[in-house]
Amino acid sequence: MARPKIKLSECAVSYLIRVSEQNGFKHIGHLLHYAGFSWKNNRLPIYQILTGEYDLTEYMLQLGLTNYSSKIKEIFKTFQNVIDTPYLLVKYPKVCPDCIKEFGFCKFEWSVLPYVACVKHEKLLIDIQSSTGKRLSWYRKYLNKFDDAYVINPIDNKVLSEVLEFSEYIESLLQSRKAVSCPEILNGLELRESLSLIHFIAHYRSRLLGDSFRPRSITNNELAQQYYYVWLMLNNWPDGYYKFLNQYLEHPMSRKRIGGLNKHFRDLYESLHRQSENKGIERIKKEFDHYIEKYWPSVLESGRITRIHLTTSKRNIVSKKDAAKILNCHPDRIDKLVQQKKLLSHVFEGKKHYSRAQVEELAIQISSNWTMDEACKALQLTRYQLKQLLDAGILHTFQRPDTLNRDWIIDKVQCQELIASLCQKARKNSPPLGALSMTSMRRRGYSIVRLILAMQAGYIEFGQSFDINFPLSFKQFKDFTF
């Protein structure tokens, strides 16, 4: 009987297939039946053999074969059903034909679900016969064939770089070597924690699309696509995750709309809470809390979010009515501010909501500057004089009246800086004889605009009489001389 040696990184079932093939058995079930393994229809507990749970030592000794030690066994022991993903090993085998041709065996990494592409040859692993659509079997007679006729050929299609990066990352974790470059969210995580995080996102992404995540049932090509989208999201963390959560606004999980949406988020959060001991899930939960606080409209009842750690009781998304209260204006004014692009609206359940931070920033801008009446009072100018200065650009505005707005917002800080500049240029000594008042200057043909420009340019000397009640008044300037 031919007794090949098991390779260092060989899958246990691959070794049995090689022994069976070299000794003319139809498949590994017949090989172990020959060794005394009694199982109906020559079937085998493949899953338990892969994980090392099923001890074949007795039968290996009967065949005179070197016993094997499953590398998956130690990895599998670290997975706990309570806080980790239940998905680790494949149901059907997948292989790299180029590796089999080069090394003559199947690697143990191929039996792990997330390892979807051969990093060495940069090709997807094969698990489907292209001409028939038939699955590759553990019970095949030849290691490199689907059956007696069809040889396993590699796929020549180019693999996406993200899929290769993902497989390389998984390989580094399986081989317990320093992890290769990966998204920041995955730094420092073990295999079980990373895979829990990845599968959690994949599961809820599938639910969003009206499907379910069944990694052990779908083909390797389909699974690679699932991991590809998750990897893109992780590379753009947390913005990619926020964008993903935003899609639930457009696709609630039931016709109940808000009720269904609330249920979906409660369900998602309950899953996060149950698995919070897992470091990978904990990182998702942290960003989920942040998303709820920063972006989520105030439609969830407070009793529903008691487990969410909010840093403030205020919601960062407000309704039109609340926005109007903050701005102290009529609700219709909010629509005009949106048209002016001073506010952005977010539609939720047919109603418009607004960013609290943006609304409050606009409220601060309005309250910290002047209306036309406030500017006239502070500067002690008539509306006509003030309008002249505004039109000439001597005084600045944040908002002018137009078809969407009737109010002025005048830059208070710039007005203060202008007055301070004129005060510095004012005469410090006594005024000479023949000095003129501001009224006299106007009688000589100087408009308020021409006068201020001449004062700034130094063409006219002037004095100052500080008014404690109106420190920004233009009337405090007097005694003009040429």
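Keep in mind that what you see is a predicted model, and the values were worked out from it rather than measured.

Visitor: Which parts of the structure should I look at to understand the side chain of Ser 206?
Guide: Inspection of the secondary structure puts Ser 206 in helix α8 (residues 191-208). In this structure Ser 206 comes out as buried when scored by relative accessible area, which is 2%. Sequence-distant contacts of Ser 206, that is, excluding residues within four places in its chain, are made with Asp 211, Ser 212, Phe 213 and Gln 226.

Visitor: Is there a simple way to explain the confidence of the model for the protein in this structure?
Guide: Note: predicted coordinates in regions of low pLDDT should not be interpreted at a detailed level. Within the protein, residue pLDDT values average 83, and 88% of them lie at 70 or more. Per-residue pLDDT, averaged within each element of the protein, yields its smallest value for helix α11 (residues 258-274) (60) and its largest for helix α9 (residues 220-235) (95). Here residues 254-261 is a poorly scored stretch, pLDDT under 50, and it has eleven contacts once near neighbours within four places are set aside; other chains count.

Visitor: In this structure, what is going on with α8? I would like to understand it.
Guide: Residues three or four positions apart in an α-helix share a direction because the helix packs 3.6 residues into each turn. With 18 residues, α8 should reach 26 Å at 1.5 Å per residue; the first-to-last C-alpha distance of 26 Å fits that figure. In terms of burial, α8 is largely enclosed, as 16 of its 18 residues are buried. In the stretch just after α8, Gly 210 is the one whose phi turns positive, near 80°.

Visitor: Hey, could you run me through the packing of helix α13 (residues 320-327) against helix α14 (residues 331-339) in this one?
Guide: How two helices sit against one another is set out by the angle between their axes and by the gap between those axes. At a minimum axis separation of 8 Å, α13 and α14 run at an interaxial angle of 90°. In terms of their interaxial angle, α13 and α14 are classed as roughly perpendicular. The segment α13 lies against α14, with Lys 320, Ala 323, Ala 324 and Leu 327 engaging Pro 331, Ile 334, Asp 335 and Leu 337. Along the lines of polarity and charge, the residues of the contact of α13 with α14 split into six nonpolar, no polar and two charged.

Visitor: Please explain the packing of aromatic side chains as it appears in this structure.
Guide: The geometry of two aromatic rings is summed up by the distance between their centres and the angle between their planes. Considering all chains together, one arrives at 16 aromatic pairs under this definition. Note on Phe 37 and Tyr 59: the rings are 5.2 Å apart at their centroids and 80° apart in plane angle, and the pair reads as edge-to-face. With Phe 37 in the loop between α2 (28-34) and α3 (46-51) and Tyr 59 in helix α4 (residues 57-63), the pair connects residues that are 22 residues apart, well separated along the chain. Linked through ring pairs, Phe 166, Tyr 169, Tyr 227 and Trp 231 together constitute an aromatic cluster. Seen from the ring of Tyr 139, Arg 43 lies directly overhead, with NZ or CZ sitting 4.2 Å from the centre. Sitting over the ring of Tyr 446, Arg 450 keeps its end group 4.1 Å from the ring centre.

Visitor: Explain the side chain of Ser 111 here, please?
Guide: Along the chain, the position of Ser 111 falls in the loop between α6 (97-103) and β1 (117-118). Here the side chain of Ser 111 touches Phe 108 through a polar contact of 2.7 Å, landing on its backbone oxygen.

Visitor: Got a minute to help me understand the environment of Val 318 in this structure?
Guide: With respect to the helices and strands, Val 318 occurs in strand β3 (residues 317-319). Using a relative accessible area of 1% as the deciding quantity, one classes Val 318 as buried. Separated by 36 residues in the primary sequence, Val 318 and Tyr 354 have C-alpha atoms spaced 5.3 Å apart.

Visitor: I keep staring at the pattern of salt bridges and nothing clicks. Help me out?
Guide: A side chain of one charge can pair with a side chain of the opposite charge if their charged atoms are brought near each other. A full pass over the atoms with the stated rule returns twelve salt bridges. Its salt-bridge partner being Arg 214, residue Asp 211 comes within 3.6 Å of it at the nearest N-O pair. For Arg 214, a relative accessible area of 40% corresponds to the partly exposed category. Salt-bridge contacts for Glu 461 lead to Arg 427; the nearest nitrogen and oxygen are separated by 3.8 Å.

Visitor: Got a minute to help me understand unusual backbone geometry in this structure?
Guide: Leaving glycine aside, a negative phi is the common case for residues, and trans is the common case for peptide bonds. The amide bond that connects Trp 237 to the next residue, Pro 238, takes the cis arrangement and shows omega of 0°. In this structure, Lys 341 is a non-glycine residue whose phi angle is positive, near 65°. By relative accessible area, which is 73% here, Lys 341 ends up exposed.

Visitor: How do you make sense of helix α1 (residues 12-22) when you look at a structure like this?
Guide: Counting buried residues along α1, nine of its eleven residues qualify, which places the element largely inside the surrounding structure. The set of residues buried in α1 consists of Ala 12, Val 13, Ser 14, Tyr 15, Leu 16, Ile 17, Arg 18, Val 19 and Ser 20. In this fold, the buried residues of α1 make contact with α2, α3 and α4. Of the residues trailing α1, Gly 24 is marked for its positive phi of about 80°.

Visitor: Even after reading the chapter, I still don't get the pairing of strand β9 (residues 477-481), so can you show me in this structure?
Guide: The side chains of a regular strand alternate between both faces of the sheet. Here β9 lies mainly inside the structure; four of its five residues are buried. Sheet topology places strand β8 (residues 461-464) next to β9; three bridges connect them, and they run antiparallel. Bridging across to β9, Glu 461 finds its partner in Thr 481.

The rules we used
- Residues numbered from 1 in each chain as written.
- Predicted model: local features only at pLDDT ≥ 70, side-chain atom pairs only at ≥ 80, totals over all residues.
- Heavy atoms only, no water.
- Helix = DSSP H or I, 4+ residues; strand = E, 2+ residues; numbered from the N terminus.
- Buried < 20%, exposed > 50% of the residue type's maximum accessible area, 1.4 Å probe, protein only.
- Contact = heavy atoms within 4.5 Å.
- pLDDT = per-residue confidence, 0-100.
- Expected span 1.5 Å × (residues − 1).
- Axes fitted to C-alpha atoms, helices over the stretch in contact; angles between N-to-C directions.
- Parallel < 35°, antiparallel > 145°, perpendicular 65-115°, else oblique.
- Nonpolar A, V, L, I, M, F, W, Y, C, P; charged D, E, K, R; others polar.
- Phe/Tyr/Trp six-rings, centres within 6.5 Å; stacked < 30°, edge-to-face > 60°.
- Lys NZ or Arg CZ within 6 Å of the ring centre and 35° of its normal.
- Polar contact = N/O pair within 3.5 Å; in protein donor to acceptor, adjacent residues only side chain to side chain.
- Salt bridge = Lys/Arg side-chain N within 4 Å of Asp/Glu carboxyl O.
- Pairing = 2+ DSSP bridges.

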